[in-house]
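Residues per chain are reported as follows:
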Amino acid sequence: MCGPVVHVNRLGVAIRLSGALVIAMSTVLGTMAIAPRRAAATPVVVSITPTTSPAFANDAPDPAIVESGGVYYAFTTGTVMGNYLQALVDTSGDPRTGWRPYTGLPFGSSALPLPPGWEQLNTQTSPGVFKWDGQWLMYYDAAQSGHAGDTGYNCLSVASTPTLTPSNPVFTDTSTSPLLCQPGLGGAVDPSPFVDPVTGKAYLMWKSNDGGSSQPARIWSQQLSPNGRSLVGSPTEIFTNDTVAYPWEATVEDPAMVYTGGTYYLFFSGGIWDSSSYGEGYAVCSGPLGPCSQPQAGPFLTSTGNYAGPGGASVFADPSGNWWIDFAAWKPSCTSYSCGGMRRLFVTEIDLPVLQVPTTTSVSVSPPVGPQSGTMVYRATVSRTYGNATPSGSVIFGDAQGIFCSGTLLGGSATCIAPSPPPGTTNVIAAYSGDGQNAASWSATGVTVSTSSSHWLSTASGPVDCRQVGVVDNVQSHIECTSFDPAANTWTTSASPVTDWGYGNGTQQWLTVGNTVDYCRQVGVVDNVQSQIECTSFDPAANTWTTSASPVTDWGYVT
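Definitions and cut-offs
Residues numbered from 1 in each chain as written. Predicted model: local features only at pLDDT ≥ 70, side-chain atom pairs only at ≥ 80, totals over all residues. Heavy atoms only, no water. Helix = DSSP H or I, 4+ residues; strand = E, 2+ residues; numbered from the N terminus. Buried < 20%, exposed > 50% of the residue type's maximum accessible area, 1.4 Å probe, protein only. Contact = heavy atoms within 4.5 Å. Areas by Shrake-Rupley, 256 points an atom, 1.4 Å probe, with all protein chains shown as cover. Disulfide = S-S within 2.5 Å. Phe/Tyr/Trp six-rings, centres within 6.5 Å; stacked < 30°, edge-to-face > 60°. Core = buried A, V, L, I, M, F, W, Y, C linked by side-chain atoms within 4.5 Å. Salt bridge = Lys/Arg side-chain N within 4 Å of Asp/Glu carboxyl O. Pairing = 2+ DSSP bridges. Axes fitted to C-alpha atoms, helices over the stretch in contact; angles between N-to-C directions.

## Re the overall build of the chain
Thinking step 1. Per the secondary structure count, the chain includes 0 helices and 34 strands.
Thinking step 2. Residues classed as buried in the chain amount to 58% of the 559 residues present.
Thinking step 3. Across the chain, every contact between residues at least 6 apart in sequence was considered, and the portion connecting residues at least 24 apart equals 58%.
Thinking step 4. Carbon and sulfur atoms make up 54% of the accessible area of the chain, which totals about 20400 Å².

See the structure below:
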């Protein structure tokens, strides 16, 4: 299964913020036994926790680590274990240990078994992986067919898979031509996707000049399309090789951007890839399109006693919001493949402000609710499946016809009032935007909601939802009503005594709902046959009573 393997003369990198903040829902990593560190000021002077033990003691160049469903995945340039591009898995819950080829064998662990026809085999390197638009995308570079790698003909491509599993983290590339080449600049390599949590837009970063040109190395950034398979607009140069100001940077490559603590950090590799001079530096940027500047003269990650030439780093956050860096490095005694060396995988903590942004934000939409005439009330609840901040910000509501109302998050939920129903409304989605430090991308879940499922009652106090709860055949069941107070943006729920359906035996059973007193009861045949809920509300200001009834056999909104 394993074809010939070639090692090229540079490193690549990939960064992921798990779908951070993406439109599609994703499964979240289970709890790890790693306590969150204290959030640091921004920006910070980047440093790492020293490490001497490799997380994976075999060859794993250009690593990019992502997580899905409690499993860590590392994608690297091809090796003898997995040609073209390699995939490793770690089910231990701790990225510092437990890595293995997904096949369980010392061969066949390829992330891209079938490269497309326009690519030269054994030139695929530098994968960058993230989840976007409901699927996993892997960007990488390869030489065009008929050309050797690193001769000015390298281009970028993208492969995809709907899911990642420990037994099959394999991608498919159906492209017939490259995503981007930049032949006038010596080719394009080292693609790295990034989701800006402030705007929710996705970007791709890469290096021009694969080594086959005398031009300086440049780092570029460009917005990705909504499906991630094409680029929007024109590329922007955000970083350039400057050996005068920074002599250690024989080249700059392997871009990897993260956003945390209000700061954009751009990590990059510099130096000679197959020597102990190779290292990892960083810049601070104004945004994903730059500009970027270096806050320190030298690299923050350099050769130590147990490894040499560390680089090709990517950065990721664990469920507690702590940051980790993964990189590849040689043994000090041998920094090239010609002497039998290998670039082992190292993973350790990096000192960055604790992540306050969830990598996954879900927005659930209640069915459109409201009275049978007048206004419609829509509710959304925002839940964070990753992160350590309370949701705050705003929620917009809309459908294929456009946006029709918005609301402010209070305690994780938001409500808005719109015409009943908005013209052409068929399915309602909500999009959430965070604020400031806790900025989350616009994200949504396309919950199918039909206006026909609206079964709210119109009372003088506003929309009220009344329904029978408990055992429905009049045994241990009761009436429960919920009303919305627009002034306070809150919902109030009250229930009648168990088994009581209204006036009976000379007694009156009332519900306090919102700021008024409402009386709700089951009328008609009570055993769920031709029966309905009826509410009566008193308006003190007008000194009038209003009675409304739900449709026959309906007990509230239908989800």
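## With respect to the state of the cysteines
Thinking step 1. Applying the stated criterion across every chain, the model contains 3 disulfides.
Thinking step 2. Through a disulfide, Cys285 is tied to Cys292; the S-S separation comes to 2.0 Å. As the torsion about the S-S bond is roughly 105 degrees, the Cys285-Cys292 disulfide counts as right-handed.
Thinking step 3. Classification of Cys285 as buried rests on a relative accessible area of 8%.
Thinking step 4. Here Cys334 engages in a disulfide with Cys339; their sulfurs sit 1.7 Å apart. Torsion about the S-S bond of the Cys334 and Cys339 cystine: about 105 degrees, corresponding to right-handed handedness.
Thinking step 5. Owing to a relative accessible area of 46%, Cys339 belongs among the partly exposed residues under this scheme.

## Focus on unusual backbone geometry
Thinking step 1. Of note, the bond from Gly290 into Pro291 is cis; its omega dihedral lies within 30 degrees of zero at 0 degrees.
Thinking step 2. Mapped onto the elements of the fold, Pro291 is located in the loop between strand E15 (279–285) and strand E16 (292–293).
Thinking step 3. Although it is not a glycine, Asn122 adopts a positive phi angle of roughly 65 degrees.
Thinking step 4. Tracing the sequence through the fold places Asn122 in the loop between strand E5 (100–101) and strand E6 (125–132).
Thinking step 5. Judged by relative accessible area, which is 17%, Asn122 ranks as buried.
Thinking step 6. Positive phi is not limited to glycine here, since Ser126 has a value of about 60 degrees.
Thinking step 7. Take Ser126: its relative accessible area is 0%, and that puts it in the buried class.

## Some words on the packing of aromatic side chains
Thinking step 1. Scanning the entire structure with this criterion turns up 19 aromatic pairs.
Thinking step 2. With a centroid separation of 5.9 Å and an interplanar angle of 70 degrees, the aromatic rings of Phe267 and Phe300 are classed as edge-to-face. Taken together, the residues Phe267 in strand E14 (residues 263–270) and Phe300 in the loop between E16 and strand E17 (308–317) connect sequence positions 33 residues apart. Take Phe267 and Phe300: they sit in the same class, and that class is buried.
Thinking step 3. Ring geometry for Trp273 against Tyr337: centres 6.5 Å apart, planes inclined by 40 degrees, an arrangement best described as tilted.

## Regarding the nonpolar core
Thinking step 1. Judged by nonpolar contacts, the single largest core of 23 residues is most densely connected at Val46, Phe267, Phe300, Ile350 and Leu352.
Thinking step 2. Elements represented by at least two residues in this core include exactly strand E13 (252–260), E14, E15, E17 and strand E18 (323–330).
Thinking step 3. A per-element tally of this core places E18 first, with 4 residues.
Thinking step 4. Membership of the second largest hydrophobic core comes to 19 residues, among which are Val66, Tyr73, Phe75 and Trp136.

## Quick word on the environment of Ile272
Thinking step 1. Tracing the chain through its elements places Ile272 in the loop between E14 and E15.
Thinking step 2. On the basis of relative accessibility, which here comes to 40%, the residue Ile272 falls in the partly exposed class.
Thinking step 3. Discounting residues that sit within four places of it in the chain, Ile272 has contacts with Ala250, Ser277 and Tyr278.

## Quick word on the pattern of salt bridges
Thinking step 1. Here the structure, examined in full by the defined rule, presents 3 salt bridges.
Thinking step 2. Note that Asp94 is salt-bridged to Arg96, the shortest N-O span being 2.9 Å.
Thinking step 3. The class of Asp94 is buried, set by a relative accessible area of 19%.
Thinking step 4. Assessed through its relative accessible area of 37%, Arg96 is described here as partly exposed.
Thinking step 5. Its salt-bridge partner being Glu237, residue Arg218 comes within 3.5 Å of it at the nearest N-O pair. With Arg218 in strand E11 (residues 218–224) and Glu237 in strand E12 (residues 231–240), this pair connects stretches of sequence that are 19 residues apart.
Thinking step 6. Among the residues examined, Arg218 registers a relative accessible area of 18% and is labelled buried.

## Some details on the sheet that holds strand E1 (residues 56–59)
Thinking step 1. An order of E1-E19-E18-E17 is seen for the 4 strands of this open sheet, with the pairing classed as antiparallel. The open sheet has two edge strands with one neighbour each: E1 and E17. Ignoring strand direction, the axes of neighbouring strands in this sheet form an average angle of 30 degrees.
Thinking step 2. As judged from the 2 bridges shared by E1 and strand E19 (residues 344–349), these two strands associate in the antiparallel manner. Bridge assignment links Asp59 to a residue of E19, and that residue is Arg344.

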